[in-house]
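# Structural characterization, general
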Amino acid sequence: MEKLMIAGGRPLRGSVQISGAKNSAIALIPAAILSESTVTLDNLPALSDVAIYTELLEELGATVRWDQDQMAIDPSRLVSKPMPNGNVKKLRASYYLMGALLGRFGEAVIGLPGGCNFEPRPIDQHIKGFEALGASVSNENGALHIRAKQLRGAKIYLDVVSVGATINIMLAASRAKGVTIIENAAKEPEIIDVATLLNAMGARIKGAGTETIRIEGVDSMHGCRHSIIPDRIQAGTYMIAAAATRGDVIVDNVIPKHLEALTAKLQEMGVHIYEMDESIRVVGQPEYESVDVKALVYPGFATDLQSPMSSLLTQTKGVSILSDYVYSNRFKHIPELVRMGARVKVEGRSAIIEGGPLSSAKVKATDLRAGASLVIAGLTVASGTTEITGVEYIDRGYDHLVTNLVNLGAEVWREKD
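About the thresholds
Residues numbered from 1 in each chain as written. Predicted model: local features only at pLDDT ≥ 70, side-chain atom pairs only at ≥ 80, totals over all residues. Heavy atoms only, no water. Helix = DSSP H or I, 4+ residues; strand = E, 2+ residues; numbered from the N terminus. Rg over C-alpha atoms; globule rule 2.2 N^0.38 Å. Buried < 20%, exposed > 50% of the residue type's maximum accessible area, 1.4 Å probe, protein only. Areas by Shrake-Rupley, 256 points an atom, 1.4 Å probe, with all protein chains shown as cover. Lys, Arg positive; Asp, Glu negative; His and termini not counted. Charge placed at Lys NZ, Arg CZ, Asp CG, Glu CD. Pairing = 2+ DSSP bridges. Axes fitted to C-alpha atoms, helices over the stretch in contact; angles between N-to-C directions. Contact = heavy atoms within 4.5 Å. Salt bridge = Lys/Arg side-chain N within 4 Å of Asp/Glu carboxyl O. Core = buried A, V, L, I, M, F, W, Y, C linked by side-chain atoms within 4.5 Å. Polar contact = N/O pair within 3.5 Å; in protein donor to acceptor, adjacent residues only side chain to side chain. Patch = residues over 30% accessible without salt bridge, like charges linked within 9 Å, V, L, I, M, F, W, Y side chains within 5 Å. Parallel < 35°, antiparallel > 145°, perpendicular 65-115°, else oblique. Left-handed = near helix turned anticlockwise from the far one by under 90°. Nonpolar A, V, L, I, M, F, W, Y, C, P; charged D, E, K, R; others polar.

The subject of this paragraph is the overall build of the protein. Across its full length, the protein holds 13 helices and 23 strands. For 417 residues, the compact-globule formula gives about 22 Å, and the C-alpha radius of gyration of the protein, at 21 Å, lands near that figure. Principal-axis analysis of the C-alpha atoms gives the protein an extent of 65 × 45 × 40 Å. Relative to its full complement of 417 residues, the protein shows a buried share of 59%. When the accessible surface of the protein is summed, it comes to about 15900 Å², and 47% of that surface belongs to carbon and sulfur atoms. In the protein, the 43 positive side-chain charges and the 47 negative ones have mean positions that sit 4 Å from each other.

This brings us to the sheet that holds strand 23 (residues 411–416). Taken in spatial order, the 4 strands make up an open sheet running 21-22-1-23, and their pairing is mixed. Of all the strands in the sheet, the pair left with one neighbour each is strand 21 (362–364) and strand 23. Between one strand and the next, the sheet's axes are offset by a mean angle of 25 degrees, whatever the strand orientation. As paired strands, strand 21 and strand 22 (residues 385–389) are joined by 3 bridges and run parallel to one another.

Before going further, it helps to examine the environment of L337. Tracing the chain through its elements places L337 in helix 10 (residues 334–339). Put simply, L337 and G378 are 41 residues apart on the chain and 9.6 Å apart in space, counted from C-alpha to C-alpha. Once you skip the residues sitting within four places of it in the chain, L337 turns out to touch S310, S311, A342, S373, L374 and A377.

This part takes up the sheet that holds strand 14 (residues 248–252). With mixed pairing, 4 strands are arranged side by side in an open sheet as 2-14-16-15. Both edges of this open sheet fall to strand 2 (13–17) and strand 15 (272–275), since each of them pairs with a single strand only. Neighbouring strand axes in the sheet, compared pairwise and without regard to direction, differ in orientation by 15 degrees on average. Pairing of strand 2 with strand 14 involves 5 bridges; the strand directions are parallel. In the sheet register, R13 faces strand 14, and the bridge partner there is D248.

A full pass over the atoms with the stated rule returns 23 salt bridges. Taking the shortest distance from any N to any O, the salt bridge between R330 and D304 comes out at 2.8 Å. Of this pair, R330 sits in the loop between strand 18 (319–324) and helix 10 while D304 sits in the loop between strand 17 (292–295) and helix 9 (306–313), placing them 26 residues apart in sequence. For the residue pair R330 and D304, the accessibility class agrees, reading buried in each case. Here R339 makes a salt bridge to E336, at a shortest N to O gap of 3.4 Å. Here R339 and its partner E336 are both found in helix 10, 3 residues apart, which amounts to about one turn of the helix. Judged by relative accessible area, R339 falls into the exposed class, the value being 55%. One network of salt bridges, in which partners are shared, links E2, D395 and R414.

Another aspect to go through is the nonpolar core. Residues I29, Y53, L57, L97, M170, L171 and L198 are the most contacted members of the largest nonpolar core, which totals 75 residues. Ranked by residues supplied to this core, first place goes to helix 5 (residues 163–173) with 7 residues. Not counting residues up to four positions away in its chain, the partners in contact with Y53 are I26, I29, P30, L91, A93, S94, Y96 and L97. Membership of the second largest hydrophobic core comes to 65 residues, among which are L4, A235, A377 and L405.

So, about the environment of R104. Checked against the element boundaries, R104 lands in helix 3 (residues 96–105). Distance in space between the C-alpha atoms of R104 and T54 is 18 Å, their sequence separation being 50 residues. Not counting chain neighbours up to four residues away, the residues in contact with R104 comprise I33, L34, S35, E36, P75, S76, L78 and R175. Among the polar contacts listed, one links the side chain of R104 to the backbone oxygen of I33, at a separation of 3.0 Å.

Residue class for E336 comes out buried when judged on its relative accessible area of 10%. In this structure, E336 is in contact with V363, K364 and L374, ignoring residues within four places of it in sequence.

Before going further, it helps to examine a nonpolar patch on the surface. A cluster of nonpolar side chains, I250, Y274 and M276, forms an exposed patch at the surface whose accessible area comes to about 260 Å². Positionally, Y274 belongs in strand 15. Judged by its relative accessible area of 42%, Y274 falls in the partly exposed class.

Right, let's get into the packing of helix 1 (residues 22–31) against helix 3. Two numbers describe how helix 1 lies on helix 3: the axes approach to 9 Å, and their chain directions differ by 25 degrees. Judged by the inter-axis angle, helix 1 sits roughly parallel to helix 3. As for the relative orientation of helix 1 and helix 3, their crossing is right-handed in sense. Across from I26, A27 and P30 in helix 1, the residues of helix 3 making contact are Y96, L97 and A100. Counted by class, the contact of helix 1 with helix 3 contains 6 nonpolar, no polar and no charged residues.

Just geometry here; none of it tells us what the structure is for.
What follows is the structure in structure tokens.
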């Protein structure tokens, strides 16, 4: 195991290139197995979650060639193999194998997934969708057994907006007989990215990015080449880090529209933002105003940026209220920030944050975005070295993190724990 060491107090300056979206990649890779020939994914991030998915597909018989930011997946020899244990337990997004295998083979046996454990995230809406399509679902010894003699299109209303359920139903419905309509669907850019790939593979999907998605099932799908969209959460994290350190950073290879909610809040605080076609320049200022932030489903402020934002809010000259209306208890990073001197009180869905300086400490990342929050906090500390354990969580969502931060002028390194 490793730990991350940060000697803070240095403004970040320069430019950083954003990788492909992690939340797209972990859905696009399993989507590829619906094809009967090779699918090539470009702009793929070098993340531990991607590595785990590579192993999962190889276990199922696919041939996977991964070279830097490109992956070629040949699923022509794929078989429907029960996967109740092993790597599926390490990866939350392994549940996408349910929809993909169900769509291609009419059956799937997948262990209940793992991943970041900041709050229980039920998959009842996924199951509701599969059952509406005609599948039977049973929980046997901790694994979901999903079977259907013939998937048939259906009208499915999601009780809660769920990115995972929306994508999983899209995967299965792409190979169902007839038309499927998903109502109250998630609108995230990653949904559009998955639909774009599926359509390039021969699917017939309309309405992705709106609350109603229409899927006309097809009998077979073919290979294609697809470039993954930029990671808006990674981009947002670097934008927040630039502001927190009072730096001047160009965040390159982004889609500015995907970051509008964050950009608006940063500008409200007093950060100077300059948008270009595919990049955003963030110029920090000596003082920031306190703001209230509410994490909501897209296009609202992203819940995945709630934790990093909490570190920035410690740098204001007032009291801010940070609320999360997507996950009710996503505040496991707060006790670690308090170790660093943050003045924060959690009340229900909200964290009340009083601005003030932070100090170096030994802290632990408890999930992916909590780890990003601690990195940002460590970068703001004026003296001393912050020591962060739980780096394996951070590696799930931020590739080349140390290299990128060092190139921006930070003093960051890894050590054996």
